Amino acid sequence: MKRPFTSCLCKPMLTSMVMDQNVQDCIVRVRHSVYDGADVIAFHLEFLNPQYHTYKDLKRIFTYAGNLPIYTMHYRNAARPESTEEELVRVQLIAAEAGASMVDVMGDIFEPSDMQLAKSDKAIDRQKRMIDQFHQRDCEVMFSSHTWKFMTAEQTLEHCHELIRRGADMVKIAMCAFQEDQMDEVYRTTRMMQKELTVPFLHVCMGQYGKLHRIISPMFGSALVLCMQEYTPISNKEQPLLRATRTVYDNIDWTIARNDQMGCFEEMPDEK
């Protein structure tokens, strides 16, 4: 039995996002990621050529991650419009059988929508039955929504609760901050998510004022930092470099000060 992905989330986990197109390039990316300090390896299967969407090839790639947790995603890809919703899920099921301990599935799977949140009872019922299929394979499910819009804390929490009610083991919201005051609201949102959500979460912010949030949000409760091991023509240029982010996190003092009023390590004498 695979170790549940969410049981590994005891600290912010630096995640190397693999977006390569063939088996050998994926293996090389994984090996570089391990040496650059990745805690998690994540695979964008929509970029991997479909001929490699097999148990044998995925198993071979995953083996090079060693004991690191693995999760996969298979988003809709404009370059492959022939992929049906059922095909997206089928490939993820193969990944689960090949060793992925969690899959990232769009919150509007079976019913595409602007905010990536299915609404009809029919689609939600299919999503619940899909989660059962992954759980039968010892694989957890993260429901994700890429809204590409600014969302208030209250809107974000309502959206997350909808995903959790479907049985998600983890949730992800990727939204945008286009202005400085929106950035302030994004940080408030992360803190509220930490306090109110009943499952681990990933809060990602896009847009000019959201870039710094990608690195800082795990300091306030978000579970993962999504990183690129190297920038390539098809990689996400907004995600921070893995080795640079590793340096940041290796040099943060996480120790809780003994004196909760002064924030220092020594007990302060009572004032007279």
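Residues numbered from 1 in each chain as written. Predicted model: local features only at pLDDT ≥ 70, side-chain atom pairs only at ≥ 80, totals over all residues. Heavy atoms only, no water.

J.: Please explain the sheet that holds strand β6 (residues 170–176) as it appears in this structure.
T.: Two modes of strand pairing occur in sheets, parallel and antiparallel, and in both the strands are linked by backbone hydrogen bonds. If you walk across this open sheet you meet the 8 strands as β7-β6-β5-β4-β3-β2-β1-β8, and the pairing is parallel. The sheet is open, and its two borders are formed by β7 (201–206) and β8 (224–227), each paired with just one other strand. Within the sheet, the average angular offset between the axes of one strand and its neighbour, ignoring direction, is 25°. Helix α4 (residues 121–135) contacts β4 (102–106) and β5 (140–146) of the sheet and is inclined by roughly 140° relative to β5. Packed onto the sheet, helix α8 (residues 242–250) meets β1 (13–18) and β8 and runs at close to 180° relative to β1. (Pairing = 2+ DSSP bridges. Helix = DSSP H or I, 4+ residues; strand = E, 2+ residues; numbered from the N terminus. Axes fitted to C-alpha atoms, helices over the stretch in contact; angles between N-to-C directions. Contact = heavy atoms within 4.5 Å.)

J.: Honestly, the packing of helix α1 (residues 23–35) against helix α2 (residues 55–63) in this entry has me stumped. Any pointers?
T.: Each packed pair of helices is defined by two parameters, the angle between the axes and the distance between the axes. In the contact formed by α1 and α2, the axes pass within 9 Å of each other and the chain directions differ by 20°. When the interaxial angle is binned, α1 and α2 end up roughly parallel. Seen along the crossing, α1 lies across α2 with a hand that is right-handed. Contacts between α1 and α2 pair V23, Q24, C26 and I27 from the former with D57, R60 and I61 from the latter. A breakdown of the residues in the contact of α1 with α2 according to their chemical character gives 4 nonpolar, 1 polar and 2 charged. (Parallel < 35°, antiparallel > 145°, perpendicular 65-115°, else oblique. Left-handed = near helix turned anticlockwise from the far one by under 90°. Nonpolar A, V, L, I, M, F, W, Y, C, P; charged D, E, K, R; others polar.)

J.: Is there a simple way to think about helix α3 (residues 85–98) in this case?
T.: Note that an α-helix has 3.6 residues per turn; residues three or four places apart therefore point the same way. Taking 1.5 Å per residue as the helical rise, α3 with its 14 residues ought to reach 20 Å, and the 20 Å between its terminal C-alpha atoms agrees with that figure. The element α3 is extensively covered by neighbouring structure, given that 10 of its 14 residues are classed as buried. Those residues of α3 not exposed but buried are E85, L88, V89, V91, Q92, L93, I94, A95, A96 and A98. Close packing links the buried residues of α3 with α2, β3 (70–73), β4 and α4. The positive-phi residue at the C-terminal boundary of α3 is G99, with phi of around 135°. (Expected span 1.5 Å × (residues − 1). Buried < 20%, exposed > 50% of the residue type's maximum accessible area, 1.4 Å probe, protein only.)

J.: How should the nonpolar core be read in this particular structure?
T.: Among soluble globular proteins, nonpolar side chains are generally buried collectively. In this structure, Y71, I109, M130, F134, M170, V171 and L224 are the most contacted members of the largest nonpolar core, which totals 57 residues. At 6 residues, β6 tops the list of elements feeding residues into this core. Grouped together as the second largest cluster of nonpolar side chains are 26 residues, A38, L48, I61 and C227 included. (Core = buried A, V, L, I, M, F, W, Y, C linked by side-chain atoms within 4.5 Å.)

J.: Help me understand the pairing of β7, please; the structure alone is not making it clear to me.
T.: Taken residue by residue, a regular strand's side chains alternate between the two faces of the sheet. Of all the 6 residues making up β7, 6 are buried; the element is thus mostly covered by neighbouring parts of the structure. Where β6 meets β7, 6 bridges bridge the pair, whose relative direction is parallel. Paired with V171 across the two strands is F201, which belongs to β7. Handedness of the crossover joining β6 and β7 through helix α6 (residues 180–196) is recorded here as right-handed. (Right-handed = clockwise from strand over helix to strand, strands pointing away.)

J.: How do you make sense of a nonpolar patch on the surface when you look at a structure like this?
T.: On the surface, a cluster of nonpolar side chains totalling about 330 Å² of accessible area is made up of M219, F220, V248 and W254. Structurally, M219 is set in the loop between α7 (211–216) and β8. On the accessibility criterion, M219 (31% relative accessible area) is partly exposed. (Patch = residues over 30% accessible without salt bridge, like charges linked within 9 Å, V, L, I, M, F, W, Y side chains within 5 Å. Areas by Shrake-Rupley, 256 points an atom, 1.4 Å probe, with all protein chains shown as cover. Salt bridge = Lys/Arg side-chain N within 4 Å of Asp/Glu carboxyl O.)

J.: Before we go on, may I ask you to explain the pairing of β8 in this structure?
T.: The side-chain alternation of β8 yields two buried faces, one formed by L224 and L226 and the other by V225 and C227. One ladder, built from 4 bridges, connects β1 with β8; its direction is parallel. Across the sheet, residue S16 finds its bridge partner in β8, namely C227.

J.: How do you make sense of the pattern of salt bridges when you look at a structure like this?
T.: Pairing between side chains becomes possible if they bear opposite charge and their charged atoms approach one another. All told, the structure shown has 16 salt bridges when counted by the stated rule. Close ionic contact of R29 with D20 constitutes a salt bridge, the shortest N to O distance being 3.0 Å. Of the two residues, R29 and D20, both sit in the buried class.

J.: Whenever I open this one, the packing of α3 against α4 confuses me. Can you help?
T.: Following both chains from N to C, one finds α3 and α4 inclined at 20°, their axes separated by 10 Å at the closest point. Classified by the angle between their axes, α3 and α4 sit roughly parallel to one another. Handedness of the crossing formed by α3 with α4: right-handed. When α3 is examined against α4, the residues E86, V89, Q92, L93 and A96 are found in contact with a partner set consisting of R126, M130, Q133 and F134.

J.: Hey, could you run me through the state of the cysteines in this one?
T.: Among covalent bonds in proteins, the disulfide is the one between the sulfur atoms of two cysteines. Enumeration over the complete set of coordinates arrives at 0 disulfides. With no disulfide of its own, C26 has C227 as its nearest cysteine by sulfur position, at a separation of 18 Å. Distance from the sulfur of C160, which forms no disulfide, to the nearest cysteine sulfur (C205) is 14 Å. In this structure C160 comes out as buried when scored by relative accessible area, which is 0%. (Disulfide = S-S within 2.5 Å.)

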